[in-house]
Amino acid sequence: MTTYDAGPVAALRRIAFLLERAREDTYKVKAFRGAAATVLPLSSDELGRHVAEGTLTDLPGIGASSAKVVAAAVRGEVPERLAKAERELAGPLTDGGVGDELRSQLRGDLHSHSDWSDGGSPIEEMAFTAIELGHDYLVLTDHSPRLRVAHGLSAERLTRQLDVVDAVNAHLAGSGFTLLKGIEVDILDDGSLDQTDELLDRLDVRVASVHSKLAMDTREMTRRMVSAVRNPRTNVLGHCTGRLVTGGRGVRGQSQFDARAVFEACAKNDVAIEINSRPERRDPPTQLLELARDLGCVFSIDSDAHAPGQLDFLVLGCARAEAAGIDPDRIVNTWSQERLLSWARK
């Protein structure tokens, strides 16, 4: 039998990661992440005693399935649930290595969510997973106040979150990784941004996205988006059409706007067009992606991750960028942190 020495927390986290990466049901993921949180503070002696006595399921958050994982890992055996997940879910997300070369050049990810808004995991878990994936940086971009359905952050909550990011970075000092301060800020109906200028100025990177009135008249939507792009605090135009092409939320057509006018404004104001890597978005559509390329825009390939395993979606956006023939140096998250921040603070 193959031995396993990474421990029960690592086994539980890996299973949850693979389930998230495969877009499995949330309740399954929560079972393993909850079990990992329960096991983490326990000593090896305590865990050994629970395994020997068969009382793991007496602990909060540990069910029959996660108990089997913990027991096997404590015994130094590869948990069968982990082996099954590796067999069935750990394969490449694209065929034939498409996107892999560009993915190897990405230094980080500019769009991610935590459980402070509508993400599923704590800030530190997102950061730890980004490190495991080889990122130099990850921008935390929880939602702004108007998006109440996603628990958007008020000015007060965002201020508190910035202190948490500082604490995470202090803990990770010397790791070579930085959690950057950011926001996915709503573009309001008039094109203004849904947060105070003072707070936006305290952030490293700002992704501006339309989340409401997606069926707005073409002229008004164009005016709205161009106004947001011209705001000097905007760095990235997120999932520009708002479309959904598959997935549990159903499908949704793309917003109608003068793409040439919006992308010309992006090029003029040095705002990156996001290549959103979520399988259900694939935004912008190929025709618009190629138009933005031809107009000289820069890009950001982002996961828009709402769970740690979804941070691995980046290769899907890379495959689309490669197919469009976009020069890697026009993709801002191939840049070093220093170059990225210099650009974002323009």
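Structure: above.
The numbers attached to residues start from 1 for each chain and follow its sequence in the written order. Given that this is a predicted model, residues contribute local features only at a pLDDT of at least 70 and side-chain atom pairs are listed and counted only at 80 or more, while totals for whole chains, interfaces and linings are drawn from all residues. By convention in this description, side-chain values take in all heavy atoms of the structure and omit both hydrogens and water.

### Considering the overall build of the protein chain
Point 1. Note on conventions: DSSP H or I runs of at least 4 residues are helices, E runs of at least 2 residues are strands, and numbering of each starts at the N terminus. Scanning the protein chain from terminus to terminus reveals 14 helices and 7 strands.
Point 2. For the radius of gyration, the atoms used are the C-alpha atoms, and the globule rule reads 2.2 Å times the number of residues raised to 0.38. Computed over the C-alpha atoms, the radius of gyration of the protein chain is 21 Å, within 12% of the 20 Å expected from 2.2 N^0.38 for a compact globule of 346 residues.
Point 3. Here the C-alpha coordinates of the protein chain stretch approximately 70 × 45 × 40 Å along the principal axes.
Point 4. Accessibility here uses a 1.4 Å probe with only protein chains present; expressed as a share of the type maximum, an area under 20% marks a residue as buried, one over 50% as exposed, and anything in between as partly exposed. Residues counted as buried form 54% of the 346 residues belonging to the protein chain.
Point 5. We call two residues in contact whenever any of their non-hydrogen atoms come within 4.5 Å of each other. If you take every contact in the protein chain between residues at least 6 apart in sequence, the share linking residues at least 24 apart comes to 76%.
Point 6. A residue counts as positive if it is Lys or Arg and as negative if it is Asp or Glu; His and the chain ends are not included. Taken as the charge location is NZ of Lys, CZ of Arg, CG of Asp or CD of Glu. Once the 42 positive and 52 negative side-chain charges of the protein chain are each reduced to a mean point, those two points are 4 Å apart.

### A few points about the side chain of threonine 234
Point 1. Its location among the elements puts threonine 234 in the loop between α10 (218–230) and β5 (236–237).
Point 2. In the analysis that follows, any N or O atom pair within 3.5 Å is treated as a polar contact, provided that within protein one partner can donate a hydrogen and the other can accept it, and provided that, for residues neighboring in sequence, both atoms belong to side chains. Engagement of the side chain of threonine 234 in a polar contact is seen with the backbone oxygen of alanine 228, the distance being 2.8 Å.
Point 3. Among all residues touching threonine 234, those that are not within four sequence positions of it are Leu193, Arg206, Ala208, Ala228, Val229, Val271 and Lys346.

### Focus: helix α12 (residues 286–294)
Point 1. Taken together, the buried positions of α12 are Leu288, Leu289, Leu291 and Ala292. The buried residues of α12 occupy an angular sector of 160° when the element is viewed end-on, so they sit on one face. When the buried face of α12 is taken as reference, the exposed residues oriented beyond 90 degrees from it are Gln287 and Asp294.
Point 2. Each element contacted by the buried residues of α12 is listed here: α11 (259–269), β6 (272–276), β7 (299–302) and α13 (314–323).
Point 3. Backbone geometry just downstream of α12 places glycine 296 in the positive-phi region, at approximately 85°. Throughout, the arc means the angular range of directions from the helix axis out to the C-beta atoms.

### Let's talk about the packing of helix α7 (residues 123–132) against helix α8 (residues 155–171)
Point 1. Geometry is summarised by axes, namely lines fitted to C-alpha atoms with helices restricted to the contacting stretch, and by angles between N-to-C directions that run from 0 to 180 degrees. α8 packs onto α7 with a crossing angle of 40° between their chain directions and a minimal axis gap of 10 Å. Here α7 is positioned oblique relative to α8, judged by the angle of their axes. Read as a crossing pair, α7 and α8 show a hand that is right-handed. Of the residues in α8, those in contact with Ile123, Ala127 and Phe128 of α7 are Gln161, Val164, Val168 and His171.
Point 2. Broken down by class, the residue content of the contact of α7 with α8 amounts to 5 nonpolar, 2 polar and no charged. Here roughly perpendicular refers to angles of 65 to 115 degrees, roughly parallel to angles under 35, roughly antiparallel to angles over 145, and oblique to all remaining angles. Left-handed describes a crossing whose near helix is turned anticlockwise from the far helix through less than a right angle; right-handed describes the clockwise counterpart. Amino acid classes used here: Ala, Val, Leu, Ile, Met, Phe, Trp, Tyr, Cys and Pro are nonpolar; Asp, Glu, Lys and Arg are charged; the rest, including Gly, are polar.

### Description of unusual backbone geometry
Point 1. In this structure, proline 284 follows aspartate 283 across a cis peptide bond, with omega equal to 5°.
Point 2. Here proline 284 shows up in the loop between β6 and α12.
Point 3. Not every positive phi belongs to a glycine, and arginine 23 is a case in point at roughly 60°.
Point 4. Secondary-structure assignment places arginine 23 in the loop between α1 (8–21) and α2 (26–39).
Point 5. The partly exposed category is assigned to arginine 23, whose relative accessible area is 40%.
Point 6. One non-glycine residue, histidine 151, lies in positive phi territory at about 55°.
Point 7. Tracing the sequence through the fold places histidine 151 in the loop between β2 (137–140) and α8.

### What about the environment of tyrosine 137?
Point 1. For tyrosine 137, the location among the structural elements is in strand β2.
Point 2. Look at tyrosine 137 and you get buried, because its relative accessible area is 0%.
Point 3. Spatially, the C-alpha atoms of tyrosine 137 and threonine 178 are 4.8 Å apart, while their sequence positions differ by 41 residues.
Point 4. For tyrosine 137, the side chain forms a polar contact with the main-chain oxygen of asparagine 333, separated by 3.5 Å.

### Re the pattern of salt bridges
Opposite charge on two side chains permits pairing when their charged atoms draw close.
Point 1. By definition, a salt bridge exists where a carboxyl oxygen of Asp or Glu is found within 4 Å of a side-chain nitrogen of Lys or Arg. Applying the stated criterion to the full structure yields 26 salt bridges.
Point 2. A salt bridge links glutamate 86 to arginine 14, with the shortest nitrogen-to-oxygen separation between them at 2.8 Å. Residue glutamate 86 is located in helix α5 (residues 80–89), and its partner arginine 14 is located in helix α1; the two are separated by 72 residues in the primary sequence.
Point 3. Residue glutamate 86 is classed as partly exposed on the basis of its relative accessible area, which comes to 32%.
Point 4. The salt bridge partner of arginine 33 is glutamate 20, with a shortest N-O separation of 2.9 Å. Placement of arginine 33 in helix α2 and of glutamate 20 in helix α1 is noted, with a sequence separation of 13 residues between them.

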